[in-house]
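This is what each chain is made of:
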Amino acid sequence: QVQLMESGGGLVQAGGSLRLSCAASGTIFRINKMGWYRQAPEKERELVADITRDGTTNVADSVKGRFTISRDNAKNTVYLQMNSLKPEDTAVYYCTTFLQATISGPIARYWGQGTQVTVSS
């Protein structure tokens, strides 16, 4: 059983900052890519940023220069530092990861439960 536990969401004024964390726990052999998606009301879920095991990042144009993704492989944790937040960043943010639970098992995708980020103008 694998769980992704997100934390760090909340309410912040425009121009402020938040840091999201997502820790994977349970039976884990190897974690590959980790990342963050977000979904605003009445919109589709979209990629915010992801990061490979060796640290290669991919960041959406809408947040480039404001958001930074990082990870700590020893802690099975991925972070999203969000600066210069805008009202349009308001959404539920979901952590996701591709991992192998066992050495012989398949690579599977897991999702966190989501954390709300609200940016007031």
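Predicted model only: the values in this text are computed from it and were never measured. (Residues numbered from 1 in each chain as written. Predicted model: local features only at pLDDT ≥ 70, side-chain atom pairs only at ≥ 80, totals over all residues. Heavy atoms only, no water.)

Chemist: Would you mind going over the pattern of salt bridges with me for this structure?
Modeler: A side chain of one charge can pair with a side chain of the opposite charge if their charged atoms are brought near each other. Summed over the entire model, instances satisfying the criterion amount to four salt bridges. The shortest N-O distance in the salt bridge between Arg-38 and Asp-89 comes to 3.0 Å. Note that Arg-38 is positioned in strand S4 (residues 30–39) and Asp-89 in the loop between strand S8 (77–82) and strand S9 (91–100), a separation of 51 residues in sequence. A relative accessible area of 7% places Arg-38 in the buried class. In this structure, Lys-64 and Asp-61 form a salt bridge, with 3.2 Å as the shortest nitrogen-oxygen distance. (Salt bridge = Lys/Arg side-chain N within 4 Å of Asp/Glu carboxyl O. Helix = DSSP H or I, 4+ residues; strand = E, 2+ residues; numbered from the N terminus. Buried < 20%, exposed > 50% of the residue type's maximum accessible area, 1.4 Å probe, protein only.)

Chemist: Teacher, can you tell me more about the packing of aromatic side chains here?
Modeler: Aromatic ring pairs are described here by two measures, namely the spacing of the ring centres and the angle between the planes. One pass over the full model with this rule turns up one aromatic pair. When the ring centre of Tyr-79 is taken as origin, the NZ or CZ atom of Arg-19, which lies over that ring, is 4.1 Å away. Above the plane of the ring of Tyr-94 lies Arg-45, whose end atom (NZ or CZ) is 3.8 Å from the centre. (Phe/Tyr/Trp six-rings, centres within 6.5 Å; stacked < 30°, edge-to-face > 60°. Lys NZ or Arg CZ within 6 Å of the ring centre and 35° of its normal.)

Chemist: Please clarify how the pairing of strand S7 (residues 67–72) should be interpreted in this entry.
Modeler: Taken residue by residue, a regular strand's side chains alternate between the two faces of the sheet. What you see with S7 is a clean split: Phe-67, Ile-69 and Arg-71 sit on the buried side and Thr-68, Ser-70 and Asp-72 on the side with no burial. Pairing of S7 with S8, which is carried by six bridges, proceeds in the antiparallel orientation. Paired with Ile-69 across the strands is Leu-80, a residue of S8. In textbook terms, the turn of a hairpin is the stretch between consecutive antiparallel strands, and for S7 and S8 this stretch comprises four residues, one of which, Asn-76, has a positive phi near 50°. (Pairing = 2+ DSSP bridges.)

Chemist: Looking at this structure, how should I read the state of the cysteines?
Modeler: As used here, a disulfide is simply a covalent bond connecting the sulfur atoms of two cysteines. Per the counting criterion, the structure on display carries one disulfide. Disulfide pairing places Cys-22 opposite Cys-95 at an S-S distance of 2.1 Å. Judged by the sign of its S-S torsion, about -80°, the bond between Cys-22 and Cys-95 is left-handed. Taken together, the residues Cys-22 in strand S3 (residues 18–26) and Cys-95 in strand S9 connect sequence positions 73 residues apart. Since its relative accessible area comes to 0%, Cys-22 is described here as buried. For Cys-95, a relative accessible area of 0% gives the class buried. (Disulfide = S-S within 2.5 Å.)

The values are spatial; any link to function lies outside them.
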